[in-house]
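Structural characterization, general
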Number of protein chains: 2
Amino acid sequence: MRLVVVGGQAAGMSAAARARRLWGGLEIQVLERGEWISFGRCGLPYYLEGRVGALEELAAHTPEYFRRERNIAVRTGVEVAAIAPARREVALAGGERIAYDRLVVAMGARPKGTGLPGGGLPQVFALHSARDAARLGEFLERRRPRRAVVVGAGYLGLEAAEALRTRGVSAVTILEAAADVLSRGDAELTRRVRAHLERFRIELRTGVEVRGIEPERVAGVPAEVVVLAAGFQPNTELAAQAGLELGPSGGIRVSDRMETNLAGVYAAGDCVEVPHLVTGRPVYRPLGTTASKTGRVAGANAAGERERFRGVAGTSILGCCGLGIALTGLSETQARQEGFDAAAVWIEALDKRRYFGGRLTGVGLVGDRRSGRLLGGTVLGEEEAALRINVIAAALSRQMHVEEFQHLDLAYAPPFAPVWDPLLIAAQQLVKLLH
Amino acid sequence: MRLVVVGGQAAGMSAAARARRLWGGLEIQVLERGEWISFGRCGLPYYLEGRVGALEELAAHTPEYFRRERNIAVRTGVEVAAIAPARREVALAGGERIAYDRLVVAMGARPKGTGLPGGGLPQVFALHSARDAARLGEFLERRRPRRAVVVGAGYLGLEAAEALRTRGVSAVTILEAAADVLSRGDAELTRRVRAHLERFRIELRTGVEVRGIEPERVAGVPAEVVVLAAGFQPNTELAAQAGLELGPSGGIRVSDRMETNLAGVYAAGDCVEVPHLVTGRPVYRPLGTTASKTGRVAGANAAGERERFRGVAGTSILGCCGLGIALTGLSETQARQEGFDAAAVWIEALDKRRYFGGRLTGVGLVGDRRSGRLLGGTVLGEEEAALRINVIAAALSRQMHVEEFQHLDLAYAPPFAPVWDPLLIAAQQLVKLLH
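Throughout what follows, the structure given in this document is the object of discussion.

Conventions adopted
- Residues numbered from 1 in each chain as written.
- Chains lettered and ligands numbered in written order.
- Predicted model: local features only at pLDDT ≥ 70, side-chain atom pairs only at ≥ 80, totals over all residues.
- Heavy atoms only, no water.
- Helix = DSSP H or I, 4+ residues; strand = E, 2+ residues; numbered from the N terminus.
- Rg over C-alpha atoms; globule rule 2.2 N^0.38 Å.
- Buried < 20%, exposed > 50% of the residue type's maximum accessible area, 1.4 Å probe, protein only.
- Contact = heavy atoms within 4.5 Å.
- Lys, Arg positive; Asp, Glu negative; His and termini not counted.
- Charge placed at Lys NZ, Arg CZ, Asp CG, Glu CD.
- Pairing = 2+ DSSP bridges.
- Axes fitted to C-alpha atoms, helices over the stretch in contact; angles between N-to-C directions.
- Buried area = accessible area lost by both parts, 1.4 Å probe.
- Salt bridge = Lys/Arg side-chain N within 4 Å of Asp/Glu carboxyl O.
- Polar contact = N/O pair within 3.5 Å; in protein donor to acceptor, adjacent residues only side chain to side chain.
- Least-squares fit on C-alpha atoms with pLDDT ≥ 70 in both.
- Core = buried A, V, L, I, M, F, W, Y, C linked by side-chain atoms within 4.5 Å.
- Right-handed = clockwise from strand over helix to strand, strands pointing away.
- Expected span 1.5 Å × (residues − 1).
- Left-handed = near helix turned anticlockwise from the far one by under 90°.
- Nonpolar A, V, L, I, M, F, W, Y, C, P; charged D, E, K, R; others polar.
- Phe/Tyr/Trp six-rings, centres within 6.5 Å; stacked < 30°, edge-to-face > 60°.

Quick word on the overall build of chain A
A tally of regular secondary structure across chain A gives 12 helices and 24 strands. Here chain A has a C-alpha radius of gyration of 23 Å; the compact-globule value for 435 residues is 22 Å, and the two agree. If one aligns the C-alpha atoms of chain A with their principal axes, the spans along those axes are about 65 × 50 × 40 Å. Counting over 435 residues, chain A shows a buried share of 60%. Residue pairs at least 24 apart in sequence account for 65% of intrachain contacts in chain A once pairs closer than 6 positions are excluded. Charged side chains in chain A number 55 positive and 48 negative. The centres of these two groups are separated by 0 Å.

Written as structure tokens, this is what we have:
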């Protein structure tokens, strides 16, 4: 019995490793287009910044490791040209055919915008692969640009903007097509993030659609270097040609066992859509955590285990110039769009006792007037204060009501948190609006 | 209509403040035995240590503040001698009688062990009131003891031990009657805490019952100063005399609206018992957070609102010599005692990416083999890593299963957390044991 995994990053390698653990005798082969596997792409902004010394540090394991320690055959530098489910075969670009009994499609995503007019200019970079980061790092070293434009105010754009400033670029402008940052439709969040960025000489311009890149400017903003961080699109072309159904979000449609519509074919990672735990509807959320989890579930099921993936709460966190920005669930605007009768609060409170250096932490919560349910939250804070988002994520997973959330038995001690954690203060305020 | 609140600490003042907010015309009178109200007792170890400069800083508000800003009459230094529910009166020690329409009993708790033989010796201190802390601080200053015994390895005992070391006491021994620390029956936790304390020259001896204090030693251990931190007992004598029912844990029995068995009489804070969210059974857990919450609910209901308190997960956190120790729900032993078919895991994993200074964080989880439910957890970590306990607390509030917990959509970004948060790694291990 042979399992073939197409894609050797977070989802693919999680699937392979999990299948191996559950089924010692299974033959497992991973096909990776690039040079490296299990590559921690989320570390690229920190490589650029200089915090990560070498790109090799971001690769968790080598193909050799998997071969030797896990009995998993990994081939890098091989391009899959087609999937032929009828023959249970994968065809490589060179013509070679590889038969499979079970297949996991984990082909990932690619950055949007590289096809823009001017997207191929030498001062334009994505920040998706190790090669992108190496090239950009070299460019910064050699050319010492003073003005940069980052296209996109998602987490990668914000992280890249900070990295550019750290590397000595004196003026960084972020151009975002939407009215707000982080695909959140949250004006309050945008206002706070903008104010914070300004203190670090990063300008945020929203509502600016970039239609092309000129040699010395982008949408009128002078730029000697441009970083594309306008989001990702799933690599679904081969999957679609092979007859795999795509979902409304554009990702491959999968069951909660990560099965596609074709027998024996599973999909996971940045090429699939997943259910949102608050709305129940499929969403496209390419993130490393979801890739690892869906990969693990795909691997388990491909190896004959029954395991389910319930969905995502839409949690993410990023650090930008000392501010932790964390989101989960729906913003007020998103909740309205989903048909909820949304109410929202925003509070600021100390994250611990003043004599332990408590710092103001912002918490936004969104609830539904009709059901009383908690729908989403935002936490802005220094250092680890923003990790409070995980409490909201756990509550969303169980459709908790705001009434219950306000009484959660959260930990208190002067060095850690105040008697009324900022989360509970926000919930108390929200309860009043829901009545 | 007059509301009388007996006790002006966390529960009493929360009740009074909440009642005022909901009912502007209510007459509110608070009777406090001590000198200060809203006193942050949890800060006493930090006062001792020198981190809090003056005891006044621990008092959140003055009686004057409540009188002026909230129209709440606060009398300090008044001792309630009896409650007469039949006449709806409270009698003060001097003979004065105060009529009430609604009464909130928030009489708190007192330290255990002060009645021990030798408990009145001049080198023996509790760490319960501002006066205790002032006296102990002065004693340390004047006498510079080199050897100390702390009776009790609960959170106060561990915090006090650290404070004594910080103040220059060279050898500190903690004597605990139980086999384990923190009333948890958890040998693994005890082992880890003991090893940590040893590095800071604090000796932990468990299974040592202190039956009395001699002038120069306690249970054979030489001591020039002794701190009693052997837990608390609820102040229920007056309540019981007045006909208020006590529950099996010894605290005053209350409904989820904090009503006692007598009409118009509510109780809250360290003198009541509360339901445990995991077992559904009443427990006695005198903690500042619970006091504030139950006080708030008592105040709301006394003011005619309908508000419920669901219970506690048993969450607590403390910092000791740089280690954050956090608990919630049940330990494995406690779960067995409660009739669960308990399984437990303990893992250690990095709390964030290595290049962001990730540190080993320990996570223990307990689950029930029969139902698959998560029953409790422990987190040990540096600085704020231990605050992860709150995610477990939220899950316990909703009776989450371990299967679901392992897939929680927790935040990931290199500066904050790894792809697989230590919580999720522990849950994955536990899932295997439950199958």
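Next comes the rest of the description.
Points about the sheet that holds strand S4 (residues 80-84) of chain B
Residue and element names in this part refer to chain B. Across the sheet, which stays open at both edges, the 3 strands sit in the order S4-S5-S6 with antiparallel pairing between neighbours. Strand pairing shows two members of the sheet lacking a second neighbour, S4 and strand S6 (97-99), which therefore form its edges. Across the sheet, the mean angle separating the axes of adjacent strands is 20° when strand polarity is ignored. Pairing between strand S5 (residues 89-92) and S6: 3 bridges, direction antiparallel. Within S6, the position partnered with Ala91 by the bridge is Arg97.

Some details on the pairing of strand S24 (residues 374-382) of chain A
Residue and element names in this part refer to chain A. By the criterion of burial, S24 is predominantly enclosed, with 8 of the 9 residues buried. Note: strand S21 (residues 323-329) against S24, 7 bridges, orientation antiparallel. Bridge assignment links Leu327 to a residue of S24, and that residue is Thr378. Two successive antiparallel strands, strand S23 (residues 360-368) and S24, enclose a turn made up of 5 residues, where Gly372 displays a positive phi of approximately 80°.

Examining the interface of chain B and chain A
If you look at the interface, chain B gives 60 residues, while chain A gives 60 residues. In total, chain B and chain A occlude about 5,700 Å² of area from one another, counting both sides; carbon and sulfur atoms represent 60% of this. Taken as a group, B:Glu384, B:Asp409 and B:Phe416 account for 14% of the area that chain B buries against chain A, more than any other trio of residues on that side. The interface formed by chain B and chain A contains 8 salt bridges. For the salt bridge of B:Arg359 with A:Glu384, the shortest nitrogen-to-oxygen distance reads 3.8 Å. Where chain B meets chain A, there are 23 residue pairs in polar contact (both at pLDDT 80 or more). Elements represented by at least two residues in the side of chain B that touches chain A include exactly helix H8 (288-302), strand S20 (316-320), helix H10 (389-397), helix H11 (402-405) and helix H12 (422-434) of chain B.

Some thoughts on the relation of the copies chain B and chain A
Note on the chain copies: they are related by a rotation about an axis and a translation along it. Superposition record for chain B on chain A: RMSD 0.0 Å, screw rotation 180°, translation along axis 0.0 Å. In the structure described here, the two chain copies are related by an operation that fits a two-fold rotation axis. Minimal C-alpha separation from the rotation axis in chain B is found for B:Val391, amounting to 2.3 Å. Of the interface residues in chain B, 100% have counterparts in chain A that sit at the interface too, so the contact is made through matching surfaces.

Considerations on the nonpolar core
As a rule of thumb, nonpolar side chains are buried together in soluble globular proteins. The biggest cluster of nonpolar side chains holds 89 residues, and the ones touching the most others in it are A:Leu365, A:Phe405, B:Leu365 and B:Phe405. If we skip the residues at most four places from it in the chain, A:Leu365 touches A:Ala343, A:Ala344, A:Val345, A:Leu374, A:Gly376, A:Gly377, A:Ile392, A:Phe405, A:Leu423, A:Ala426, A:Ala427 and A:Leu430.

Description of the pairing of strand S10 (residues 147-151) of chain A
Residue and element names in this part refer to chain A. With 4 of 5 residues buried, S10 is to be regarded as a mostly interior element. In this sheet, strand S11 (residues 171-176) lies alongside S10 in parallel orientation, the contact comprising 5 bridges. Along S11, the bridge assignment pairs Ala148 with Val172. Crossover handedness for the path S10 to helix H5 (residues 155-166) to S11: right-handed. Sheet analysis places S10 next to strand S15 (residues 225-228), joined by 4 bridges and oriented parallel.

What to know about the sheet that holds strand S5 (residues 89-92) of chain A
All names here are of chain A. Read from one edge to the other, the open sheet built from 3 strands follows the order S4-S5-S6, with strand pairing classed as antiparallel. The strands lining the two open edges of the sheet, one partner per strand, are strand S4 (80-84) and strand S6 (97-99). Geometrically, the sheet is characterised by an average inter-axis angle of 20° between neighbouring strands, direction not taken into account. Bridging between S4 and S5 involves 4 bridges; their strand directions are antiparallel. Within the sheet, the bridge partner assigned to Ala84 lies in S5 and is Glu89.

Examining unusual backbone geometry
All names here are of chain A. Residue Ser38 is not a glycine yet carries a positive backbone phi of 45°. Structurally, the position occupied by Ser38 is in the loop between strand S2 (27-32) and helix H2 (44-49). Of the residues examined, Ser38 reaches a relative accessible area of 13% and is grouped as buried. Its identity as a non-glycine residue notwithstanding, Gln399 has a phi of 50°, on the positive side. Take Gln399: it is sitting in the loop between helix H10 (389-397) and helix H11 (402-405).

Focus: the side chain of B:Glu404
Secondary-structure assignment places B:Glu404 in helix H11. Setting aside anything within four residues of it in sequence, one finds B:Glu404 in contact with A:Arg310, A:Ser397 and A:Arg398.

Overview of the side chain of A:Arg373
Residues and elements named next belong to chain A. By the element assignment, Arg373 lies in the loop between S23 and S24. Salt bridges are absent for the buried Arg373, whose nearest opposite-charge side chain, Asp368, sits at 6.2 Å. A polar contact of 3.0 Å, which involves the side chain of Arg373, links it to the backbone oxygen of Val278. Among all residues touching Arg373, those that are not within four sequence positions of it are Val278, Phe340, Val366, Gly367, Asp368, Gln399, Met400, His401 and Val402.

Concerning helix H4 (residues 130-143) of chain B
Residue and element names in this part refer to chain B. Taking 1.5 Å per residue, 14 residues should reach 20 Å; H4 reaches 20 Å between its end C-alpha atoms and fits that length. Listing the buried residues of H4 in full gives Ala130, Asp132, Ala133, Leu136, Gly137, Phe139 and Leu140. Once H4 finishes, Arg144 follows within two positions and takes phi at roughly 45°, a positive value.

A look at H10(B)
Residues and elements named next belong to chain B. Burial analysis of H10 places 9 of its 9 residues in the buried class, the great majority of the element. Looking at H10, one finds that the buried residues are Ile389, Asn390, Val391, Ile392, Ala393, Ala394, Ala395, Leu396 and Ser397. Taken from the residues just after H10, Gln399 is the one with a positive phi, measuring 50°.

A short note on the pattern of salt bridges
All names here are of chain A. Using the criterion set out here, one finds 64 salt bridges over all chains in the structure. Salt-bridge contacts for Glu141 lead to Arg144; the nearest nitrogen and oxygen are separated by 3.3 Å. A relative accessible area of 46% places Glu141 in the partly exposed class. For Arg144, a relative accessible area of 56% translates into the label exposed. Ionic pairing is found between Glu209 and Arg211, a salt bridge with its closest N-O pair at 3.9 Å.

Section: the packing of helix H1 (residues 10-22) of chain B against H8(B)
Residue and element names in this part refer to chain B. One way to put it is that H1 packs onto H8 with a least axis distance of 7 Å and a crossing angle of 35°. Of the two elements, H1 crosses H8, and the hand of that crossing is right-handed. On H8, the residues that touch Ala10, Ala11, Ser14, Ala15, Arg18, Ala19 and Leu22 of H1 are Gly288, Ala291, Ser292, Gly295, Arg296, Gly299 and Ala300. The class makeup of the residues in the contact of H1 with H8 is 7 nonpolar, 5 polar and 2 charged.

Digging into the packing of aromatic side chains
All told, the structure shown has 12 aromatic pairs over all chains when counted by the stated rule. Seen from their ring centres, A:Phe356 and B:Tyr46 are 4.8 Å apart, and the 85° between their planes marks the pair as edge-to-face. Residue A:Phe356 is found in the loop between strand S22 (342-350) and S23, and its partner B:Tyr46 is found in helix H2 (residues 44-49); the two belong to separate chains. Exposure remark for A:Phe356: the relative accessible area of 15% places this residue in the buried category.

That is the geometry; function is a separate question.
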